[in-house]
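What the coordinates show
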Amino acid sequence: MKALSIGRSCLEITSPIDENIVEGSTIVVQEKYECGGGKAGNVAYLLGKWGVESYIAAVMGADDTANKIKKEFENIGVKIDYLETVFDKPTGMKFITVNKTTREKTVFDLTNNVYLKKFNGNVESDIIISDLTDRNATLVSYDRNPNAITFLYASGATSDLIEVGKLSKYIIFNKKVAEEFTKISIDFNNASTIVNAFNTIKQRFGTSELLICLGEKGCVYSINGQVKIMPPVRVEVQDTTDAGDIFLGAFAYSIGRNFGLEKSICYATIAASFSTTKYTGRLSIPTLTEVSTYYDGKFGKENNPNNTMNDKTVNMNTTVSSTSNTVNNTTTVESEVTNTNVN
């Protein structure tokens, strides 16, 4: 399987802290975790780590930071033929602090806002993953690979999202962008908001498969006319940085391996959940063996996961009251999941 990831690649520096950041204060940090990041970069890295022939198409500066990231890619087997260099802007960086007690993050994002210029999409790919930061590169890759399975991460409620989304097989939203796109405030205790948001987005994108990731509340998707929620794995959460990137990469891997929708979401959920037990994103990516071993141990190698991981069903056509009861049951499952160890 050949995979092409298009979008952002940057450096991430993460520091756990003991207190909240207050404007005008000085925060002393004792730890620092430094590695490559960016959604497309993390997806490409995960796919390389999991044995896929993985390519990254992104733009970085002509600096030591870029060299460090390139070395990381090469060490894990990611092809960097389509990394382009700009000389007038530095490689992007994210500075992230994580409160050790509350697990809340503060992110300072140095973005270079540059796009691929030489890239012509002529990369034979079985799967293409885009984070929507480079519309033109995404569209040309789709056009050159009409048989590829395409994945789009909805990074903003923009006209580009509508244009590219209608051409994508799978679209992954997070809660914030889903709310921006639909103008619906998603309340996990009010199932009608989840169903209405899901239906609103689904109607705009027609045949595209839709996932809405709700963080610690799980992933919303649909099977046979039913909206369902798959909650996360029971873990002791340390840092949720880039868990969404890891979900996206693992999901694309699983679909590319013909696992089917629910098993693919299950694999992605396991990978993302496991990643939150360690600090920073890329350094926390679990191995494929860790994910598959957990899945096989829980559900069996041949199990068809129609009801995996306590996922609860929400019928699109039910009344608000009966739908609400179903989601409240799922909420109970997840509230028990949040701060316990992997079993």
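Right, let's walk through the structure included here. Nothing here was measured: the structure is a model prediction, and the numbers come from that model.

Glancing now at a nonpolar patch on the surface. Taken together, the side chains of Ile21, Phe95 and Phe108 define a hydrophobic patch exposed on the protein surface, amounting to about 270 Å² of accessible area. As for its placement among the helices and strands, isoleucine 21 is situated in the loop between strand 2 (10-17) and strand 3 (33-37).

To continue, consider the nonpolar core. Grouped together as the largest cluster of nonpolar side chains are 57 residues, with contacts concentrated most on Leu47, Ile129, Leu211, Phe247, Phe251 and Ile265. In this structure, Leu4, Val59, Val123 and Ile194 belong to the second largest nonpolar core, which totals 38 residues.

Helix length check: helix 7 (residues 243-256) (14 residues) gives 20 Å between terminal C-alpha atoms against 20 Å at 1.5 Å per residue, within 8%. Among the 14 residues of helix 7, twelve are classified as buried, and the element is accordingly described as predominantly covered. If you check which residues of helix 7 are buried, you get Ala243, Asp245, Ile246, Phe247, Leu248, Gly249, Ala250, Phe251, Ala252, Tyr253, Ser254 and Ile255. Taken from the residues just after helix 7, asparagine 258 is the one with a positive phi, measuring 65 degrees.

What follows is about the sheet that holds strand 7 (residues 105-110). The mixed open sheet is built from four strands, whose spatial order is 3-2-6-7. Two strands in the sheet have a free side with no partner beyond their single neighbour: strand 3 and strand 7. Taken pair by pair, the neighbouring strands of this sheet meet at an average axis angle of 20 degrees, ignoring direction.

Here the focus is the pairing of strand 12 (residues 219-223). Along strand 12, four of the five residues are buried, which leaves the element largely enclosed by surrounding structure. The pairing of strand 11 (residues 209-213) with strand 12 spans two bridges and is classified as antiparallel. By the bridge assignment, isoleucine 212 is partnered in strand 12 with valine 220. As consecutive antiparallel partners, strand 11 and strand 12 are separated by five residues, and within that stretch glycine 215 has a phi angle of approximately 65 degrees, a positive value. With five bridges joining them, strand 12 and strand 13 (residues 226-230) adopt antiparallel strand pairing. Within strand 13, the position partnered with serine 222 by the bridge is valine 227.

It is worth spelling out unusual backbone geometry at this point. Unlike most non-glycine residues, asparagine 113 shows phi in positive territory, near 50 degrees. In this fold, asparagine 113 is placed in the loop between strand 7 and strand 8 (127-130).

For the pair helix 5 (residues 175-182) and helix 6 (residues 191-205), interaxial distance at closest approach is 10 Å and the crossing angle is 70 degrees. Classified by the interaxial angle, the pair formed by helix 5 and helix 6 is roughly perpendicular. Only Ala197, Thr200, Ile201, Arg204 and Phe205 of helix 6 make contact with helix 5, whose side of the interface consists of Ala178, Phe181 and Thr182. Per-class residue counts for the contact of helix 5 with helix 6 are five nonpolar, two polar and one charged.

Another aspect to go through is the side chain of threonine 150. Position of threonine 150 among the secondary structure elements: in strand 9 (residues 149-153). Owing to a relative accessible area of 5%, threonine 150 belongs among the buried residues under this scheme. A polar contact is formed between the side chain of threonine 150 and the backbone nitrogen of lysine 169, at a distance of 2.9 Å. When residues no more than four places from it in sequence are discounted, the contact partners of threonine 150 are Ile128, Tyr142, Leu167, Ser168, Lys169 and Tyr170.

The tally for this structure, following the rule as stated, stands at zero disulfides. Looking at the unpaired cysteine 219, the closest cysteine sulfur is the one in cysteine 213, lying at 4.4 Å. Among the residues examined, cysteine 219 registers a relative accessible area of 1% and is labelled buried.

The tally for this structure, following the rule as stated, stands at ten salt bridges. Taking the shortest distance from any N to any O, the salt bridge between arginine 135 and glutamate 163 comes out at 2.7 Å. Taken as a pair, arginine 135 in helix 3 (residues 135-144) and glutamate 163 in helix 4 (residues 159-165) lie far apart in primary sequence, 28 residues in all. Judged by its relative accessible area of 34%, glutamate 163 falls in the partly exposed class.

Given a rise of 1.5 Å per residue, twelve residues ought to cover 16 Å, and the 16 Å separating the end C-alpha atoms of helix 9 (residues 288-299) matches this to within 8%. Turning to helix 9, its buried residues number three or more, namely Val291, Ser292, Tyr294, Tyr295 and Phe299. Looking straight down helix 9, one finds that the buried residues subtend no more than 160 degrees of arc, so they occupy a single side. In this structure, helix 9 carries Thr289 and Gly297 as exposed residues pointing more than 90 degrees from its buried face.

Criteria and cut-off values
Residues numbered from 1 in each chain as written. Predicted model: local features only at pLDDT ≥ 70, side-chain atom pairs only at ≥ 80, totals over all residues. Heavy atoms only, no water. Patch = residues over 30% accessible without salt bridge, like charges linked within 9 Å, V, L, I, M, F, W, Y side chains within 5 Å. Areas by Shrake-Rupley, 256 points an atom, 1.4 Å probe, with all protein chains shown as cover. Salt bridge = Lys/Arg side-chain N within 4 Å of Asp/Glu carboxyl O. Helix = DSSP H or I, 4+ residues; strand = E, 2+ residues; numbered from the N terminus. Core = buried A, V, L, I, M, F, W, Y, C linked by side-chain atoms within 4.5 Å. Buried < 20%, exposed > 50% of the residue type's maximum accessible area, 1.4 Å probe, protein only. Expected span 1.5 Å × (residues − 1). Pairing = 2+ DSSP bridges. Axes fitted to C-alpha atoms, helices over the stretch in contact; angles between N-to-C directions. Parallel < 35°, antiparallel > 145°, perpendicular 65-115°, else oblique. Contact = heavy atoms within 4.5 Å. Nonpolar A, V, L, I, M, F, W, Y, C, P; charged D, E, K, R; others polar. Polar contact = N/O pair within 3.5 Å; in protein donor to acceptor, adjacent residues only side chain to side chain. Disulfide = S-S within 2.5 Å. Arc of directions from axis to C-beta.

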